[in-house]
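# Examining the three-dimensional arrangement
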Amino acid sequence: MSANQVNNLDVVVLGAGFSGLYMLHRLREAGFSTRVYEAGDGVGGVWYWNRYPGARCDIESIYYNYSFSEELYQEWNWTSRYPDQPEILRYLNYVADKFDLRRDIQFKTRIIAAHYDEKMNLWNVKLNDGTSVSAKYFISGAGCLSSANLPNFKGLESFKGEWYHTGKWPQEKVDFKGKRVGVIGTGSSGVQAIPVIAKEAGHLTVFQRTPQYTIPARNHLYDPAFIKQTKENFAEIKRLMRETDTGNGLQIRNISALSDSPAKRRELFEKVWEEGGFGLTSSYNDFLINEEANHTVSDFIRSKIKEIVHNPETAAKLLPDYYFGTKRPILDSGYYETYNRENVTLVDVKEAPIIEITPNGLRTIDGEYELDIIVFATGYDGMTGPLFKMDIRGKGGMSLKEKWEGGSMVRSYLGLATSDFPNFFMITGPESPSVLVNMPSAIEQHVEWIIDCLEYLREKGVDAIEPTVEAEEAWSKHCREVAEATLYVKTESWYTGANIAGKPRSFLIYLGGFVHYTQKCNEVAASGYNGFTLSTIKALR
Ligand code: NAP
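The model shown is predicted, which means the values in this text are computed figures rather than measured ones.

### Focus: the sheet that holds strand β12 (residues 344-348)
- Pairing in this open sheet of 5 strands is parallel, and the strands run β7-β16-β8-β9-β12 from one edge to the other. Two strands in the sheet have a free side with no partner beyond their single neighbour: β7 (162-165) and β12. On average, each strand axis in the sheet is inclined to that of its neighbour by 15°, with strand direction left out of account.
- Relative to the sheet, helix α5 (residues 188-200) contacts β8 (180-184), β9 (203-208), β12 and β16 (373-376), its axis offset from that of β9 by approximately 155°.

### Some points on helix α4 (residues 85-98)
- Over its 14 residues, α4 extends 20 Å from the first C-alpha to the last, a length consistent with the 20 Å expected when each residue adds 1.5 Å.
- Within α4 the residues assigned to the buried category are Gln85, Glu87, Ile88, Leu89, Tyr91, Leu92, Val95 and Ala96.
- Against α1 (18-29), α2 (46-49) and α3 (70-75) lie the buried residues of α4.
- Just downstream of α4 lies Asp100, where phi reads positive at about 50°.

### What to know about the side chain of Asn149
- In this structure, Asn149 sits in the loop between β6 (132-140) and β7.
- Apart from residues no more than four positions distant in its own chain, Asn149 is found in contact with His165, Thr378, Gly379, Tyr380, Asp381, Asn499 and Ile500.

### Some words on the side chain of Ser506
- Relative to the elements of secondary structure, Ser506 occurs in the loop between α15 (469-484) and α16 (514-526).
- At a separation of 3.1 Å, a polar atom in the side chain of Ser506 contacts the main-chain carbonyl oxygen of Gly407.
- If sequence neighbours within four positions are ignored, Ser506 has contacts with Gly407, Tyr495, Thr496 and Gly497.

### Some thoughts on the pairing of β16
- Side chains Ile373 and Val375 project from β16 onto one buried face, and the interleaved Ile374 and Phe376 project onto a second face that is buried too.
- Inspection of the sheet shows β7 paired to β16 by 4 bridges, in the parallel sense. Each bridged residue has a counterpart across the sheet, and for His165 the counterpart in β16 is Phe376.
- The pairing of β8 with β16 spans 4 bridges and is classified as parallel. From the neighbouring strand, Val183 faces β16, where its bridge partner is Val375.

### Here we look at the packing of aromatic side chains
- The final tally for this structure, using the stated rule, is 49 aromatic pairs.
- A centroid spacing of 5.3 Å and a plane angle of 70° characterise the contact between Trp76 and Tyr91, whose relative ring orientation is edge-to-face. With Trp76 in the loop between α3 and α4 and Tyr91 in helix α4, this residue pair connects regions lying 15 residues apart in the sequence. With respect to burial, Trp76 and Tyr91 carry one shared label: buried.
- A ring pair is formed by Trp494 and Tyr495, whose centres lie 4.8 Å apart and whose planes are at 65°; its orientation type is edge-to-face. Each member of the pair Trp494 and Tyr495 is classed as buried.
- The structure contains a cluster of three or more aromatic residues connected by ring pairs, namely Phe18, Tyr22, Trp47, Tyr64, Tyr66, Phe68, Trp76, Trp78, Tyr91, Tyr94 and Phe99.
- Stacked on the ring of Phe99, the Lys or Arg Lys98 has its end atom at 5.7 Å from the ring centre.
- Arg253 extends its terminal NZ or CZ atom over the ring of Tyr284, reaching a point 5.2 Å from the ring centre.

### Overview of the pairing of β9
- Buried residues dominate β9, accounting for 5 of its 6 residues.
- Here β8 runs beside β9; their pairing, made up of 5 bridges, is parallel. Bridged to Val183 within β9 is Val206.
- Note on the crossover from β8 through α5 to β9: the handedness is right-handed.
- The pairing of β9 with β12 spans 5 bridges and is classified as parallel. What sits directly across from Gln208, in β12, is Asp348.

### Focus on the site of the ligand
- Around the ligand lies a shell of 23 residues, among which Arg56, Ser189, Arg209, Thr210 and Lys327 are the nearest.
- Here an oxygen atom of the ligand sits 2.9 Å away from a polar atom, N or O, in the main chain of Thr186.
- Between Lys327 and the ligand, the recorded distance is 2.7 Å, taken from a side-chain N or O atom to an oxygen atom.
- Surface burial for the ligand is 89%, taken as the share of its 910 Å² of free accessible area covered by protein chains.
- No other element matches the 3 residues that α5 contributes to the shell around the ligand.
- Along the lines of polarity and charge, the residues of the shell around the ligand split into 9 nonpolar, 9 polar and 5 charged.

### Some remarks on the nonpolar core
- Tyr66, Phe138 and Trp449 are the most contacted members of the largest nonpolar core, which has 103 residues in total.
- The greatest single-element share of this core, amounting to 9 residues, is contributed by helix α14 (residues 439-460).

Rules used throughout
Residues numbered from 1 in each chain as written. Predicted model: local features only at pLDDT ≥ 70, side-chain atom pairs only at ≥ 80, totals over all residues. Heavy atoms only, no water. Pairing = 2+ DSSP bridges. Helix = DSSP H or I, 4+ residues; strand = E, 2+ residues; numbered from the N terminus. Axes fitted to C-alpha atoms, helices over the stretch in contact; angles between N-to-C directions. Contact = heavy atoms within 4.5 Å. Expected span 1.5 Å × (residues − 1). Buried < 20%, exposed > 50% of the residue type's maximum accessible area, 1.4 Å probe, protein only. Polar contact = N/O pair within 3.5 Å; in protein donor to acceptor, adjacent residues only side chain to side chain. Phe/Tyr/Trp six-rings, centres within 6.5 Å; stacked < 30°, edge-to-face > 60°. Lys NZ or Arg CZ within 6 Å of the ring centre and 35° of its normal. Right-handed = clockwise from strand over helix to strand, strands pointing away. Near = heavy atom within 4 Å. Areas by Shrake-Rupley, 256 points an atom, 1.4 Å probe, with all protein chains shown as cover. Nonpolar A, V, L, I, M, F, W, Y, C, P; charged D, E, K, R; others polar. Core = buried A, V, L, I, M, F, W, Y, C linked by side-chain atoms within 4.5 Å.

So this is what it looks like as structure tokens:
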């Protein structure tokens, strides 16, 4: 079916990642004609693009999957504690095949604009192949981290070697063997890629702006007996995914870090460090709201870095000083140990900033580094970035970017919708709990809320839905107040937009807890969508 044959759909969905696939499945089941547009030539979303060496999820695989279908859960077997990118991509391809999703997905097609036509109560969606489609509803499954950030370094076009961004990695294997490689960036992507590249490269230079805390993942293959047990415990796994604040199987211990003696605390920190994974983050309940509590865990990780890294000067450069957890926590496999290798150099680019990319490498104010390959592990324009990449226009032709003043005035109701943009929904949008919950959990909750809403509107003969200004003002205010009470807002990070030059600072993740948030969404639905305006065509005309 070509794009110009699919006018007047019920729904257009953007993206065929975890969000778009499940949304499509539920829409089709409910009888809504739907088309998904996906820029990649396969399903997977971020897991399609993030093929960099070492790419792996840091949520345990038994929780990093859908829970809507027990049959699917019983059929799929994860091989290791933390799934690598190829395995997650295989899983999402399996899902697409099992639910026969591909026939309603148009690959290699990017949505470049979506304009709401008030007269027709339709979204006109423009595609990069020059065609357009129209639909009553427009749903974004673009996610929070799909717009890669390539900093505007002078001279990149003059570079004679190869360069790559971790978030747009090519399908072919990149050969680092014997090469002089530079990695810029030490967030989750850099921390995963650096140990793997170091093993292959002739020499690796890491250009670090901000040192990060990372915790050993201690990944291992799963024992088949363990997998059997998780399948028997499906109901409990589903409950943990859907009815806890993390959604990832971890339960935050409801005790302050300051209520234990230093010795007892250290004993616990050592234990969870040895176990690996995010157990450290959930060992006490006040790391993100109490500076002193945060110091206990930050000091502990700094002491580990000093123990692991042999060269004291390198170790000193690797010591973070922000509040642990206020940048996205990271799991690694041999990250700090990598700096003990002879072929690895760490360069502090906060102290000596990068001035330019040169034909032969990269120049900081301290001098030039000759490189054959540059890897940009420089992250994403998060949260609003994927939405602003398209020209989304609501009532009166106003763009989302204009309404949200470039990101400084984001106003949404529950992170699901925004006023003046009728029949537009965002899956894990700004001001929802999104990235601070296990993503499949957050996605399933949003998709199920949206599908219930669309079924309700159909049943009641409602043609358009949008939040009231009052409801979204109140929700946004609540989001800001909750965030202000935490340490998150004290740290420059992609959470706050500080990673992108010129981007307005705002904290767009709802921190009131996934359980509370889900309750609130359910209450809104049960009330007949309080906080939304529901209109019929008669009222619209
Ligand atoms: P990131 O956390 O934003 O890290 C980007 C890195 O690049 C930072 O070290 C940053 O330094 C540096 N950087 C950016 N611009 C720079 C510049 N102009 N000069 C020098 N350095 C620069 O990005 P990411 O590592 O891609 O991770 C983003 C998010 O994706 C993660 O937080 C996580 O949510 C998700 N992710 C998840 C997994 C997983 O396992 N589930 C894996 C990868 C990514 P500053 O810190 O100073 O800004």
